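One-letter residues, chain by chain:
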Amino acid sequence: MRSLLTRQSVRATSRFYVLRRPRESFTAQCSLITSVTLEKASPVPRSLETKMPSLDGFLQRVRECNTGLEELPTLTPFLVDGKEVGKLKPRFVEQVRRFPEVFVIEGEPGPSGRVTLAADLDTCEKRSAKVAEVLQVLRSEGFITGWRDELYPVVASFAESPLLLVERAAATHLGIKAYGVHVNGFVRDPAGSGGLKLWVARRSLTKPNWPGKLDHIVAGGQPHGLSCRENVLKECAEEAGIPASLAATARPVGAVSYLTIAANGYKPDVLFCYDLELPPDFVPTPQDGEVSEFSLKPVEEVAEIVANTTEFKTNCCLVIVDFLIRHGYLSPEQRGYLQLVAALRSGDCS
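Residues numbered from 1 in each chain as written. Predicted model: local features only at pLDDT ≥ 70, side-chain atom pairs only at ≥ 80, totals over all residues. Heavy atoms only, no water.

Under the annotation held in an unreviewed UniProt entry, the chain carries the name Nudix hydrolase domain-containing protein and is attributed to Pleodorina starrii. UniProt lists a comment for the chain under the heading Function (unreviewed entry), and it reads "Probably mediates the hydrolysis of some nucleoside diphosphate derivatives." (UniProt positions renumbered as here; feature names shortened; annotations may be inferred.)

Here we take up the overall build of the chain. Along the backbone of the chain there are 10 helices and 15 strands. Per-residue burial over the chain gives 48% buried out of 350 residues. Contacts in the chain between residues far apart in sequence, at least 24 positions, make up 64% of those at least 6 positions apart. (Helix = DSSP H or I, 4+ residues; strand = E, 2+ residues; numbered from the N terminus. Buried < 20%, exposed > 50% of the residue type's maximum accessible area, 1.4 Å probe, protein only. Contact = heavy atoms within 4.5 Å.)

Among the nonpolar cores identified, the biggest contains 38 residues, and Phe58, Val306, Phe312, Val321, Leu324, Leu330 and Leu340 are the most heavily contacted of them. Those elements that place two or more of their residues in this core are α2 (56-65), β10 (196-203), β13 (251-262), β14 (265-277), α8 (299-308), α9 (314-326) and α10 (337-343). The leading source of residues in this core is α9, at 9 residues. In this view, Val306 contacts Gly57, Phe58, Arg61, Phe312, Cys317, Ile320 and Val321; residues no more than four positions away in its chain are not counted. (Core = buried A, V, L, I, M, F, W, Y, C linked by side-chain atoms within 4.5 Å.)

Turning next to α9. Most of α9 sits inside the fold, with 12 of its 13 residues counted as buried. For α9, every residue scored as buried is listed here: Thr314, Asn315, Cys316, Cys317, Leu318, Val319, Ile320, Val321, Asp322, Phe323, Leu324 and Ile325. A positive backbone phi angle near 80° is found at Gly328, which sits one or two residues after α9.

This part takes up the state of the cysteines. Counted according to the given criterion, the structure contains 0 disulfides. The structure places no disulfide on Cys317, whose sulfur is separated from the nearest cysteine sulfur, that of Cys65, by 6.5 Å. Here Cys317 falls in the buried class, since its relative accessible area comes to 3%. (Disulfide = S-S within 2.5 Å.)

Moving on, we come to the pattern of salt bridges. All told, the structure shown has 24 salt bridges when counted by the stated rule. A salt bridge links Glu71 to Lys89, with the nearest nitrogen and oxygen atoms 3.4 Å apart. With Glu71 in the loop between α2 and β3 (76-80) and Lys89 in the loop between β4 (83-88) and α3 (90-96), this residue pair connects regions lying 18 residues apart in the sequence. One salt bridge connects Lys177 with Asp348, and the closest N-O pair in it is separated by 3.1 Å. Here the residue Lys177 occupies a position in the loop between α5 (171-174) and β9 (178-188), and Asp348 occupies one in the segment after α10, the gap between them amounting to 171 residues. Through salt bridges with shared partners, a single network forms among Asp275, Asp322, Arg326 and Arg345. (Salt bridge = Lys/Arg side-chain N within 4 Å of Asp/Glu carboxyl O.)

Right, let's get into the environment of Gly328. With respect to the helices and strands, Gly328 occurs in the loop between α9 and α10. Here the alpha-carbon distance between Gly328 and Ser47, two residues 281 residues apart in the chain, equals 6.5 Å.

In this section: the packing of α8 against α9. The interhelical angle for the contact between α8 and α9, taken along N-to-C directions, is 135°, at an axis separation of 11 Å. With respect to α9, the element α8 is oriented oblique. The crossing of α8 and α9 is left-handed. For the pair α8 and α9, the contacting residues are Val299, Val302, Ala303 and Val306 in the first and Cys317, Ile320, Val321, Phe323 and Leu324 in the second. When grouped by side-chain class, the residues that make up the contact of α8 with α9 number 9 nonpolar, no polar and no charged. (Axes fitted to C-alpha atoms, helices over the stretch in contact; angles between N-to-C directions. Parallel < 35°, antiparallel > 145°, perpendicular 65-115°, else oblique. Left-handed = near helix turned anticlockwise from the far one by under 90°. Nonpolar A, V, L, I, M, F, W, Y, C, P; charged D, E, K, R; others polar.)

This part takes up the packing of aromatic side chains. Evaluation of the coordinates by the stated rule reveals 6 aromatic pairs. Summarising the aromatic geometry, the rings of Tyr179 and Phe272 are spaced 6.1 Å apart at their centres and angled 20° between planes, so their arrangement reads as stacked. Linking Tyr179 in strand β9 with Phe272 in strand β14, this pair joins segments that are 93 residues apart in sequence. Considered together, Tyr179 and Phe272 belong to a single accessibility category, that of buried residues. The structure contains a cluster of three or more aromatic residues connected by ring pairs, namely Phe158, Tyr179 and Phe272. (Phe/Tyr/Trp six-rings, centres within 6.5 Å; stacked < 30°, edge-to-face > 60°.)

This next bit is on the side chain of Glu167. Along the chain, the position of Glu167 falls in strand β8 (residues 164-167). Arg148 provides the closest opposite charge to the buried, unpaired Glu167, separated from it by 6.0 Å. A polar contact of 3.2 Å, which involves the side chain of Glu167, links it to the backbone nitrogen of Glu150. A distance of 3.0 Å separates a polar side-chain atom of Glu167 from the backbone nitrogen of Ala169. In this view, Glu167 contacts Leu135, Gly146, Trp147, Arg148, Asp149, Glu150 and Leu151; residues no more than four positions away in its chain are not counted. (Lys, Arg positive; Asp, Glu negative; His and termini not counted. Polar contact = N/O pair within 3.5 Å; in protein donor to acceptor, adjacent residues only side chain to side chain.)

Looking at the element boundaries, Ser140 is found in helix α4 (residues 124-140). Looking at Ser140, the relative accessible area reads 62%, which means it is exposed. From its side chain, Ser140 meets the backbone oxygen of Val137 in a polar contact 2.6 Å long.

This part takes up the packing of α2 against α9. One can describe the packing of α2 onto α9 by two numbers: an axis separation of 8 Å at closest approach and a directional angle of 140°. Judged by the inter-axis angle, α2 sits oblique to α9. Between α2 and α9 the crossing geometry is left-handed. Seen from α2, the contacting residues are Phe58, Arg61, Val62, Glu64 and Cys65; seen from α9, they are Thr314, Asn315, Cys317, Leu318, Val321 and Leu324. Grouping the constituent residues of the contact of α2 with α9 by class yields 7 nonpolar, 2 polar and 2 charged.

Listed below in structure tokens is the structure:
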């Protein structure tokens, strides 16, 4: 052989190091390998298979995110610049029918009809300004509540430029895609058992939505003008007092999606998931009044809460289940595994 090839598994990076040194002895090459600083691999977490042979509880939480779909045949497509960007309930169609200089109703309400914007509203700026006027009227009449003074982009898919910008409180009424970021703040057992704990927030009782429910350490809607990464940093600081240097270590790990038809409209939501490993001595602190307290719970306990109760804010359950799957707490041996994996992206993940 012209060269000597050795292959040794090195735990430090979970990769194979390949050495090609024809003029060195095998012993010398081995000494090079052993001089690498090795890290002890983290043990694989204990599966919840024994405690939970069936995943029915998790599947039920996912179903609770995807409700009201029997109303789909009653919704009217909302198109902007020839692209469908939302769906409107019949009640909202009748509201915007009062503003023909902005909203154009074509055909009967329902899937065969459609709602568009006036032809002279041919830029994002023009559309945003005129639609905002309508939304302010509906707000003054009490039809739109929970005003945030936060703009959401109206897009057919995440990567596209916004066709217009609308107040966040109107997103569900217009049936537009809404995006968010959810952060799993976890702590690794310092004893080296491989076990993980999750920081869990308790929502303030004064919150208009889901008061008192359990939540992620950090989560928030994705507004216009911020990247997902910037939004994670912002929400980490505002909600949990996590410094930017630590928040910047959050890793994007995927997305989940769901589709709900709620009382006030259509919600085709996509949540970007992040994992943030926190030091054992770090304690998050409520900052903006949205969280009443934080608690650190073993992952197994969090899993049981999700599977057996409705204590968590509904969409948080999707992100937690995704975390459990990715970290090996749920396994293919449990009944319903593939069904659960598929159900985490029940909405249009685009």
